[in-house]
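So the chains spell out like this:
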Amino acid sequence: MEYVTLGKTGLKVSRLGFGGIPIQRVDAEAAGKLLEAVRAAGITYIDTARGYTVSEELIGQAIEGHRDQFVLATKTMARDRDGMAKDIQTSLKNLRTDYIDLYQVHNPNLQQLEQVCAPGGALEALMEAKEAGKIGHLGLTAHSAEVFEKALDLPWVETIMFPYNLVETQGEALMAKAAEKNIAVIAMKPLAGGAIEDGRLALRYIRQNPNVTVLIPGMYCPEEVSKNVEAVSDSSPLSDEEKARIEEIRQQLGTNFCRRCNYCAPCTVGIGIPNVFLFQGYLRRYGLGDWARDRYNAMAAKAGDCVECGACEERCPYHLPIREMMKAAAKDFGA
Ligand code: SF4
Ligand code: SF4
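Because the structure is predicted, anything quoted here is derived from the model rather than measured.

If you tally the helices and strands in the chain, you get 14 helices and 10 strands. At 20 Å, the chain has a C-alpha radius of gyration in line with the 20 Å of a compact globule built from 335 residues. The principal-axis extents of the C-alpha atoms in the chain amount to approximately 60 × 45 × 40 Å. Within the chain, the proportion of its 335 residues that are buried is 53%.

Laid out in structure tokens, this is it:
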């Protein structure tokens, strides 16, 4: 395992971090085995969030007794002082620790970022917690380039998390600027939310970019941990065959694809929006028609139920034309 310095924080972390989204799907026993595999592999950076339901709690329980071997990073959507103070306390309790290494402002838009920094905003609580020794460093996560750019000029920002993978390279120039300022770049969505099937190639692609400090694929089981470690450990240049495969995947996915982040929820009529697109992807791309139809048909609300209210589109950080995409999915599935 390669270890790097996390930008201005000065923390030493493994280049491969543990993404804490998929752990929500396992029980406490499986989470214990998963984190044991993470520890054995030498992965020291753990990313979670207040918003990932039980993720903080499962991680806290699984690493108890080994806390000092990890750099813990979490985040919250709280934008005001009181909400942030409350969430920091909850994170500390969930993670079973008295100190969190990195606390991040989770995906603010420009207006929310202003609120965070204004009097009474979340930054006040973050600074207080830092002074009290409850948290060590501050960062921010973003999905839009404009927020990334703005964050580069905020003196308190020590790390920026941004989506980066072989089909989402829009952050590359800003990542280079961050590196110049010694702000750590944490690459999230390395598999584009699961849209890229070839995990090894996806991680190897990111590994080639020297401006990425840490990459954090979500990990679900010990086998996935091993595969990710193997992929990231291979620092050899991409072969011509791999480059051709990358181009093929780019052609296949285009830009209007769902990253399964679920920021669009809740749908007004209860459609599981990312699931619709997931099943449609399988139907169209991989010839798994029966599998996709069975799962689609089991959904209580289907694409055809969309009332075109547009509420989801306002929340989608990728500005996907969800209403149009729902119509296409309804046509594909016939419902
Ligand atoms: S536009 Fe359709 S999919 Fe989006 S929230 Fe409204 S009903 Fe749901
Ligand atoms: S439609 Fe947009 S917000 Fe919803 S899961 Fe997909 S990418 Fe995320």
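Now, onward.
All right, on to the domain arrangement of the chain then. Segmenting the chain into domains produces domain 1 (3–245) and domain 2 (273–333). Using C-alpha coordinates to define each centre, domain 1 is positioned 29 Å away from domain 2. Across the boundary between the two partners, domain 1 contributes 6 residues, which contact 5 residues of domain 2. Contact between domain 1 and domain 2 buries roughly 440 Å² in total, counting both sides, with carbon and sulfur atoms accounting for 47%. On the surface where domain 1 and domain 2 come into contact, there are 0 salt bridges. Inspection of the domain 1/domain 2 interface yields 0 residue pairs in polar contact (both at pLDDT 80 or more). Looking at the side of domain 1 that touches domain 2 residue by residue, the class counts come to 2 nonpolar, 1 polar and 3 charged.

This next bit is on the site of ligand 1. Lining the immediate surroundings of ligand 1 are Cys-267, Thr-268, Val-269, Ile-273, Cys-306, Val-307, Glu-308, Cys-309, Gly-310, Cys-312 and Arg-323. Of the residues belonging to the shell around ligand 1, the class tally is 7 nonpolar, 2 polar and 2 charged.

Below, the discussion takes up the site of ligand 2. Near ligand 2 you find 13 residues, and of these Cys-258, Cys-261, Asn-262, Cys-264 and Cys-316 are the closest. Here the shell around ligand 2 is built from residues that sort into 10 nonpolar, 1 polar and 2 charged.

When you tally the buried positions in strand E8 (residues 159–163), you get 5 out of 5 residues, the bulk of the element. The alternating pattern of E8 places Thr-159, Met-161 and Pro-163 on one face and Ile-160 and Phe-162 on the opposite face, and all of these are buried. Note that E8 and strand E9 (residues 184–188) share 5 bridges and pair parallel. Bridge pairing links Ile-160 to Val-185 in E9. In the classification by handedness, the crossover that spans E8, the intervening helix H7 (residues 172–180) and the parallel E9 is right-handed.

Further remarks concern the nonpolar core. Across soluble globular proteins, nonpolar side chains show a tendency to be buried alongside one another. Counting 73 residues, the largest nonpolar core has Phe-18, Ile-23, Met-84, Leu-126 and Trp-156 as its most contacted members. Beyond its immediate sequence surroundings of up to four residues, Leu-126 is in contact with Met-84, Ile-88, Tyr-103, Val-105, Ile-135 and Leu-138. Counting residues in each nonpolar core, the second largest holds 26 residues, with Cys-258, Cys-267, Ala-303 and Leu-320 among its members.

A few words on unusual backbone geometry. With an omega of 0 degrees, the peptide bond between Ala-265 and Pro-266 qualifies as cis. Positive phi is not limited to glycine here, since Asn-107 has a value of about 50 degrees. Within the secondary structure, Asn-107 is located in the loop between strand E6 (100–105) and helix H4 (110–117). Non-glycine residue Glu-308 carries a positive phi angle of around 60 degrees. Among the secondary structure elements, Glu-308 is positioned in the loop between helix H12 (289–297) and helix H13 (311–315).

Take the environment of Asn-275 next. Considering the arrangement of structural elements, one finds Asn-275 in helix H11 (residues 273–285). A C-alpha to C-alpha distance of 8.9 Å links Asn-275 and Met-299, two positions 24 residues apart in sequence.

Turning to its location among the elements, Glu-241 is positioned in helix H10 (residues 240–253). Separated by 193 residues in the primary sequence, Glu-241 and Thr-48 place their C-alpha atoms 35 Å from one another.

For the rest of this paragraph, the subject is the packing of aromatic side chains. Using the criterion set out here, one finds 3 aromatic pairs in the structure. Note that Arg-259 overlies the ring of Tyr-318, its terminal NZ or CZ placed 4.1 Å from the centroid.

The next thing to look at is helix H2 (residues 55–62). Taken as a whole, H2 has its buried residues at Ser-55, Glu-56, Leu-58, Ile-59 and Gly-60. In this structure, the buried side of H2 is in contact with strand E3 (17–19), helix H1 (28–40), strand E4 (45–47), strand E5 (71–76) and helix H3 (81–94).

Attention now moves to the sheet that holds strand E7 (residues 135–141). Strand order across the open sheet formed by 8 strands is E3-E4-E5-E6-E7-E8-E9-E10, with parallel pairing between neighbours. With one partner strand each, in any of the chains shown, E3 and strand E10 (214–215) form the two edges of the open sheet. Taken together, the 2 bridges between E9 and E10 define a ladder with parallel strand orientation. Residue Ala-187 lies in a different strand from E10, and its bridge partner there is Leu-215.

Thresholds applied
Residues numbered from 1 in each chain as written. Chains lettered and ligands numbered in written order. Predicted model: local features only at pLDDT ≥ 70, side-chain atom pairs only at ≥ 80, totals over all residues. Heavy atoms only, no water. Helix = DSSP H or I, 4+ residues; strand = E, 2+ residues; numbered from the N terminus. Rg over C-alpha atoms; globule rule 2.2 N^0.38 Å. Buried < 20%, exposed > 50% of the residue type's maximum accessible area, 1.4 Å probe, protein only. Domains from an automatic or database assignment. Contact = heavy atoms within 4.5 Å. Buried area = accessible area lost by both parts, 1.4 Å probe. Salt bridge = Lys/Arg side-chain N within 4 Å of Asp/Glu carboxyl O. Polar contact = N/O pair within 3.5 Å; in protein donor to acceptor, adjacent residues only side chain to side chain. Nonpolar A, V, L, I, M, F, W, Y, C, P; charged D, E, K, R; others polar. Near = heavy atom within 4 Å. Pairing = 2+ DSSP bridges. Right-handed = clockwise from strand over helix to strand, strands pointing away. Core = buried A, V, L, I, M, F, W, Y, C linked by side-chain atoms within 4.5 Å. Phe/Tyr/Trp six-rings, centres within 6.5 Å; stacked < 30°, edge-to-face > 60°. Lys NZ or Arg CZ within 6 Å of the ring centre and 35° of its normal.

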